[in-house]
Every structure is written in structure tokens, then in C-alpha cells.
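# Inside the fold
Here is how the chains run, residue by residue.
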Amino acid sequence: MKLINESRKLHRLSNPAWQSPIILAVLLLTGLAHQAVAQTWTLTNAWFNTNGIGHIATGGLTRGLAYSVLANQVFVSTRNTANTGTIDVFDGTSGALLSGTNIMNGNVGVDQVGVGDDGILYGAPLTTTLNTGSGAFQLLSWSNWTNTGPNIAYQSTNASDPLILLPGTKRVGDTLAVTGAGTNTLILATVAGTGTLCTNFLLLHTLDGVTFSSTIVTVTTLPSTGGSELGICFYTNNTFLVQP
């Protein structure tokens, strides 16, 4: 798979509160073959679960998926309403359901989930009507899904927050990516206007590993097929990938 830098430039994000500036670039995935040395990979199913196991459901309700390398556990989020839902936990080896009815205080309408390299679980409820006067995007975290949380790691309620300062009504939380651990944790979410393409990304960073601050990364060269539900993930050398 060939990676093409569509942005043609690096986005340098600097903040006096940071210990060092962060440089991010956006790379778009294309369906072209990788021109480097060919490698062959074989993937097989270790297990699968279907509707009705845990809270896996049809109708677009089950939306988020994340894997904890430290715990060898798979987290699956199902959003019933804006404020209700579940996060199921499955054993990474057998696929057995571990979480029973829900994780601790997990009935909060989480749409997307992610796990840091330190095992911290993050959940983001979808916000579709965020603007200067109303609505708020939250990032929740669980240090241990069995008996603690959630902690409100970030909330866009400050009038000077870069997310709030973006013009118009915003839709945030259709996709989520997490990388790093502790004070090196970075979290990325898509930001789109109502009925418009996604050209902004919310980058969350932390000085203490617990609470996060925001920076907006603007990308104006995404193809017209882009929408609010983009595939995103962190890559190497302070970059992230976007799949429209």
C-alpha cells in the first residue's frame, strides 16, 4: 500500500505549555501497491462473536472497537442513545465476554473507544450539535474498567477552547485514535460541520497523563469523498493517516 502525503506540508503544533512542540503531517491511504520489497502476510480468525453476545447489536448501534495489548482484551462500544450505551470487554485469546452487563459506570452513550499504550481506556460520546453557545464534547477515561471511572479527561466547555472557536455547528466523535502512554498520550478525533466535509481534526495532549488540552489540525486537501466518518490512525514520526 503506497502512502502519499497529500497535505504537501508538515503541520507544526506549538504550545508554550508543552515540553516540546509536536509536528504532525497527514498522509492519505490509497489503493496502490507498495513499491518496496514485497512481504507476504497470512491472517486467520482467532474467534468471532455475533449479534446478541454481550451488547453487540444491529442497526448501526455497535460502533467502537479497541484492543489493549497490555491486558489482551478487546473493547466494543454500543451507543443506544446520546446518553446511554455499553462497553463490552472480550478476552483477546478466546473471545469470551468478561464484562457482564457493562463496565464500571459505562452507561454514558460512548460512540468510540481507544486504549493507550499504558492500558488506559478512553471513550468518546458522539456530539452532533457543538457550537459556541451549547453542547460539549467529552473524552472519558477508565484506569481500570472493573472498579473505577470514568474520569472526565477533556471537556470543551471553555469559551477559549480551540474546538469551541471553530465557526459553525460541529460534529465530533465519529472516529477516534489513541497512541502513547502517560504524558506522551495523544488522542485524535474528527471534526466536521453539519452536512459538510471533515477538514479539521481535534488533537488532545496532556501534561499529567490525566487531563487533556486541545489543538485543532486543519487539513484542506482531503478529497471530496471525505465526510465526518473518516478512518484515522496514528502512524510514525508524529504523523497520522486518514482514510476517506
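The following refers to the structure shown.

Calculation criteria
- Residues take numbers from 1 onward in each chain, read along the sequence in its written order.
- Residue-level local features of this predicted model are given only where pLDDT is at least 70; pairs of side-chain atoms are given and counted only at 80 or more, and the full residue set underlies all totals for whole chains, interfaces and linings.
- Note that water and hydrogens are dropped before the side-chain values are worked out from all heavy atoms of the structure.
- We count a stretch as a helix when DSSP gives it H or I for four or more residues in a row; a strand needs E for two or more, and each element gets its number in order from the N terminus.
- When a residue's accessible area, from a 1.4 Å probe over protein chains only, is under 20% of the maximum for its type it is buried; when over 50% it is exposed; and in between it is partly exposed.
- Whether two residues are in contact is decided by their heavy atoms: any pair within 4.5 Å suffices.
- To be clear on the numbers: accessible area is Shrake-Rupley with a 1.4 Å probe, and residue cover counts the displayed protein chains and nothing else.
- We call two strands paired when DSSP finds no fewer than two bridges between them.
- To get an axis, fit a line to the C-alpha atoms, keeping to the stretch in contact for a helix; angles then go from 0 to 180 degrees between the N-to-C directions.
- When the centres of two rings from Phe, Tyr and Trp lie within 6.5 Å, Trp using its six-membered ring, the rings pair. Their planes under 30 degrees apart give stacked, over 60 give edge-to-face, and anything left gives tilted.
- We count a salt bridge whenever a side-chain nitrogen from Lys or Arg sits within 4 Å of a carboxyl oxygen from Asp or Glu.

For the chain, the helix and strand inventory stands at 1 helix and 17 strands. Across the 244 residues of the chain, 43% fall into the buried class. Within the chain, residue pairs in contact and separated by at least 24 positions form 49% of the contacts whose partners lie at least 6 positions apart. For the chain, the computed accessible surface area is about 12300 Å², with 53% contributed by carbon and sulfur atoms.

The next thing to look at is the sheet that holds strand S8 (residues 121-125). Strand order in the open sheet formed by 4 strands is S7-S8-S10-S11, and the pairing between neighbours is antiparallel. What marks the edges here is a single partner per strand, and that holds for strand S7 (110-115) and strand S11 (151-155). Neighbour to neighbour, the strand axes of the sheet diverge by 25° on average, direction disregarded. As defined by bridge partners, S8 adjoins strand S10 (residues 138-142) across 3 bridges and the pair is classed as antiparallel. Counterpart to Tyr-122 in the pairing with S10 is Ser-141.

Next up on the list: the packing of aromatic side chains. In this structure the tally under the stated criterion is 4 aromatic pairs. Between Tyr-122 and Phe-212 the ring centres are 5.8 Å apart and the planes differ by 90°, which places this aromatic pair in the edge-to-face class. Note that Tyr-122 is positioned in strand S8 and Phe-212 in strand S15 (residues 212-218), a separation of 90 residues in sequence. Judged by relative accessible area, which is 7%, Phe-212 ranks as buried. On the basis of an interplanar angle of 55° and a centroid distance of 6.4 Å, the ring pair of Phe-137 and Tyr-154 is categorised as tilted. Of this pair, Phe-137 sits in the loop between strand S9 (127-130) and S10 while Tyr-154 sits in strand S11, placing them 17 residues apart in sequence. What makes Tyr-154 buried here is its relative accessible area of 3%.

Within the secondary structure layout, Arg-79 lies in strand S5 (residues 73-79). Excluding residues within four positions of it along the chain, Arg-79 makes contact with Leu-61, Arg-63, Thr-84, Gly-85, Gly-109, Val-110, Asp-111 and Leu-126.

Right, let's get into the pairing of strand S13 (residues 186-193). Summarising burial for S13: 7 of the 8 residues are buried, a large majority. In this sheet, S13 lies alongside strand S12 (residues 170-179) in antiparallel orientation, the contact comprising 7 bridges. Across the sheet, residue Lys-170 finds its bridge partner in S13, namely Gly-193. In textbook terms, the turn of a hairpin is the stretch between consecutive antiparallel strands, and for S12 and S13 this stretch comprises 6 residues, one of which, Gly-180, has a positive phi near 85°. Sheet topology places S13 next to strand S14 (residues 198-206); 7 bridges connect them, and they run antiparallel. Bridging from a neighbouring strand, Val-191 pairs with Asn-200 of S14.

Another point: the pattern of salt bridges. Counted by the stated rule, this structure contains 2 salt bridges. One salt bridge connects Asp-111 with Arg-63, and the closest N-O pair in it is separated by 2.6 Å. On the criterion of sequence distance, the pair formed by Asp-111 in strand S7 and Arg-63 in strand S4 (residues 62-68) is long-range, its members being 48 residues apart. Ionic pairing is found between Arg-171 and Asp-174, a salt bridge with its closest N-O pair at 2.6 Å. Assessed through its relative accessible area of 24%, Arg-171 is described here as partly exposed. Taking the relative accessible area as the measure of exposure, Asp-174 reaches 9% and is therefore buried.

The 3 strands lie next to each other as S4-S5-S6, forming an open sheet whose pairing is antiparallel. Looking at the sheet topology across the chains shown, the edges are occupied by S4 and strand S6 (85-91). Strand-to-strand twist in this sheet, taken as the mean axis angle between neighbours without regard to direction, amounts to 20°. Of the strand pairs in this sheet, S5 and S6 are connected by 7 bridges, and their pairing is antiparallel. Its bridge partner lying in S6, Phe-75 is registered against Val-89.

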